[in-house]
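# Observations on the model geometry
These are the residues of each chain, in order.
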Amino acid sequence: MSLFKILGLAIRDPARFKVLIDAIKGTQLYANIVVARALQAQLNKVAELSEKKIALEEFMQQNNFRNKSLLLELLALLEKDGFVKIKKDDFVILKKQIVEEELKKREKKVAPIVLDAFEAFGDYTERALIERLEGVPPASFDSNELRVLWNVALRGDFYTIQRRDALNFAQLDKLAKRNQNQPIRILDFGCGSGEGTIQILTFLREKNIPHNLEACDISEGLLEIAAEDEALEEDIYFFNYKERKPKEGYYDAIFISQVLHWPDDPVQMVSDLKSYLKENGILFGVQSTFSKRLYQIDLFIRLLGAKGFPEEKEFYRWFEENDMNVRFDPATYTFLATKKK
Ligand SMILES: C[S@@+](CC[C@H](N)C(=O)[O-])C[C@H]1O[C@@H](n2cnc3c(N)ncnc32)[C@H](O)[C@@H]1O
């Protein structure tokens, strides 16, 4: 099904298809490089041993690592790249050393769309990876350095193109017509640093859709960038969702892009969002679902504190449990959900 949709995209929109493939290949390559860099020093020590081999437990003890399942995940990635070979309870280094030059060479093959979004995260992710191996929990989304990195990432094409797909998918002009050209009330939920909010605003203006646009997040730090930097001149009402909950039955449309894999209970989040919608309101946006091709990006966001992408079946369950219909495009990860009548 998913493959069929992706091929459909290749025929319908070859340029978008190329971006998709660049992004998938690029994130796979880049995440592997980050993993190799993060573990370079520890692995190179093993490479100096006469047999180039070490027991997993010993390697963990030497490096104060506590999270064995994560270590195995990371070693499996390095195994695919030909750096190590895992043998039951130990592993062998296959190269003399992991050298920066080789990693740099690999990095040259990573598409710009990926580097634009994630290169800034490189050092941070290497440190985060070691901390997760040591059993240290992730920092909050808006801890100082992280909010700047997210701001860079969310500005890039990687996220912008996904949001554009979702805006087109939702056919907001039809919604406006149904509203008899009364301003549609629209909320950007989990707006981050506001790039998506500005994108919605631009889209509504281009389509001449009358609107009242609001945006919220739980991150004080990102909201600050949104309201005082990205959208300073604009008539958008930003609010902190931790402090204020929207009115029930109020919005014509709620947009939510790459947020549902962050909370502990996405079913509850969908339920809350449904309650803020008018009876015929729409909930739409972007949500990546898990597949082999997104494995590395899923790992990356888990290292940063997300719960990980849902399987497609799980994604549908979030809406079924809330008595909502949902249409989902697995090629672009855009979706549109409505209340069941
Ligand atoms: C990957 S960012 C996406 C930001 C934005 N939607 C975009 O597309 O640019 C995920 C956002 O979800 C927000 N978030 C996470 N958990 C949330 C929650 N429980 N309620 C509201 N926002 C949340 C984070 O603070 C962050 O801004």
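In case you missed it, the structure is sitting above this.
So, a few notes on the structure that sits alongside this text. Along each chain, the written sequence defines residue order, and numbers are assigned to residues from 1. Two thresholds apply to this predicted model, a pLDDT of at least 70 for residue-level local features and 80 or more for giving and counting side-chain atom pairs, whereas whole-chain, interface and lining totals are computed over all residues. Water and hydrogen atoms play no part in the side-chain values, which are based on all heavy atoms of the structure.

Near the ligand you find 18 residues, and of these Arg-163, Gly-190, Gly-192, Asp-217 and Ser-257 are the closest. Here an oxygen atom of the ligand and a backbone polar atom of Gly-192 are 3.5 Å apart. Between the ligand and Ser-257, the relevant distance is 2.9 Å, taken from a nitrogen atom to a main-chain nitrogen or oxygen of the residue. Accessible surface is estimated by sampling points in the Shrake-Rupley manner with a 1.4 Å probe; for residues, cover comes only from the protein chains shown. Considered on its own, the ligand offers 600 Å² of accessible surface; in the complex 94% of this is hidden by protein. Under the scheme applied, nonpolar residues are Ala, Val, Leu, Ile, Met, Phe, Trp, Tyr, Cys and Pro; charged residues are Asp, Glu, Lys and Arg; polar residues are all the others, including Gly. Residues belonging to the shell around the ligand are distributed by class as follows: 11 nonpolar, 5 polar and 2 charged. Definition of nearness: a residue and a molecule or strand are near each other if at least one heavy atom of the residue lies within 4 Å of the molecule or strand. A 3.5 Å cut-off defines polar contacts: any pair of N or O atoms within that distance qualifies, except that in protein one atom must be a possible hydrogen donor and the other a possible acceptor, and neighbouring residues in sequence count only when both atoms are side-chain atoms.

Turning our attention to the pattern of salt bridges. Between Lys or Arg on one side and Asp or Glu on the other, a salt bridge is scored when a side-chain nitrogen of the former is within 4 Å of a carboxyl oxygen of the latter. A full pass over the atoms with the stated rule returns 22 salt bridges. The salt bridge partner of Asp-81 is Arg-106, with a shortest N-O separation of 3.2 Å. Taken as a pair, Asp-81 in the loop between α4 (68-80) and β2 (84-87) and Arg-106 in helix α5 (residues 100-107) lie far apart in primary sequence, 25 residues in all. Among the ionic pairs, Arg-317 bridges to Glu-321, the shortest N-O distance being 3.4 Å. Whether a residue is buried, partly exposed or exposed follows from its accessible area with a 1.4 Å probe, protein chains only, as a fraction of its type maximum: under 20%, in between, or over 50%, in that order. Classification of Arg-317 as partly exposed rests on a relative accessible area of 32%. Looking at Glu-321, the relative accessible area reads 52%, which means it is exposed. One salt-bridge network, in which partners are shared between bridges, spans Arg-37, Glu-100, Lys-104 and Glu-107. Strands here are runs of E lasting at least two residues and helices are runs of H or I lasting at least four, both read from the DSSP assignment and numbered beginning at the N terminus.

Turning next to the packing of aromatic side chains. A pair of Phe, Tyr and Trp rings is counted when the ring centres sit within 6.5 Å of each other, with Trp represented by its six-membered ring. The angle between the planes then sorts it: under 30 degrees is stacked, over 60 is edge-to-face, the rest tilted. Tallied over the full model, the rule gives 25 aromatic pairs. Measuring from ring centre to ring centre gives 5.1 Å for Phe-59 and Phe-91, while their planes differ by 90 degrees; the resulting arrangement is edge-to-face. Here Phe-59, found in helix α3 (residues 56-63), pairs with Phe-91, found in strand β3 (residues 90-93); they are 32 residues apart in sequence, far enough to count as distant. What makes Phe-59 buried here is its relative accessible area of 0%.

Among the structural elements, Phe-315 can be located in helix α15 (residues 312-320). Looking at Phe-315, the relative accessible area reads 0%, which means it is buried. Pairs of residues are marked as contacts when any of their non-hydrogen atoms sit within 4.5 Å. The contacts of Phe-315, once residues within four sequence positions are left out, are Gln-287, Thr-289, Pro-310, Val-326, Phe-328 and Phe-335.

Time to look at the nonpolar core. Nonpolar cores are built from buried Ala, Val, Leu, Ile, Met, Phe, Trp, Tyr and Cys residues. Side-chain atoms within 4.5 Å join them into one set. Leu-39, Phe-118, Trp-150, Leu-172, Leu-283, Phe-284 and Phe-319 are the most contacted members of the largest nonpolar core, which has 123 residues in total. It is helix α2 (residues 14-47) that contributes the most residues to this core, 13 residues altogether. Just so you know, the domain bounds were taken from an automatic or database domain assignment. Inspection of this core shows a minimum of three residues originating in each of domain 1 (2-137) and domain 2 (159-339).

Attention now moves to the sheet that holds strand β7 (residues 251-257). For two strands to be treated as a pair, DSSP must find at least two bridges joining them. Taken in spatial order, the 7 strands make up an open sheet running β6-β5-β4-β7-β8-β10-β9, and their pairing is mixed. If you trace the sheet from one side to the other, it starts and ends with β6 (237-240) and β9 (324-329), each paired once. Taking the axes of each pair of neighbouring strands and ignoring which way they run, one obtains an average angle of 20 degrees across the sheet. Where strand β4 (residues 184-189) meets strand β5 (residues 211-217), 6 bridges bridge the pair, whose relative direction is parallel. Its bridge partner being in β5, Phe-189 is matched across the sheet by Cys-216. The sheet contacts of helix α12 (residues 220-230) involve β5 and β6, and relative to β6 the element is tilted by about 170 degrees. Comment: axis = line fitted to C-alpha atoms, over the contacting stretch for helices; angle = value between 0 and 180 degrees taken between N-to-C directions.

This part is about unusual backbone geometry. Phi angles above zero are rare outside glycine, and Gln-171 is one such case at about 50 degrees. Within the fold, Gln-171 resides in the loop between α9 (157-169) and α10 (172-178). Assessed through its relative accessible area of 37%, Gln-171 is described here as partly exposed. Within the chain, Asn-208 stands out as a residue other than glycine whose phi angle is a positive 55 degrees. Mapping Asn-208 onto the fold places it in the loop between α11 (195-206) and β5. The class of Asn-208 is exposed, set by a relative accessible area of 67%.

Two strands in a sheet stick together by hydrogen bonds in their backbones, pointing the same way (parallel) or opposite ways (antiparallel). If you walk across this open sheet you meet the 3 strands as β1-β3-β2, and the pairing is antiparallel. Both outer strands of the open sheet, β1 (53-55) and β2, are each paired with one neighbouring strand and no more. Direction aside, neighbouring strands of the sheet carry axes that sit 20 degrees apart on average. Note that β1 and β3 share 3 bridges and pair antiparallel. The partner of Lys-53 across the bridge, within β3, is Val-92. This element, α2, spans β1 and β3 of the sheet and lies at about 85 degrees to β3. Against the sheet, α3 makes contact with β1 and β3, and its axis sits at roughly 85 degrees relative to β1, the strand it touches most.

Functional significance is not addressed by these values, which are geometric in nature.
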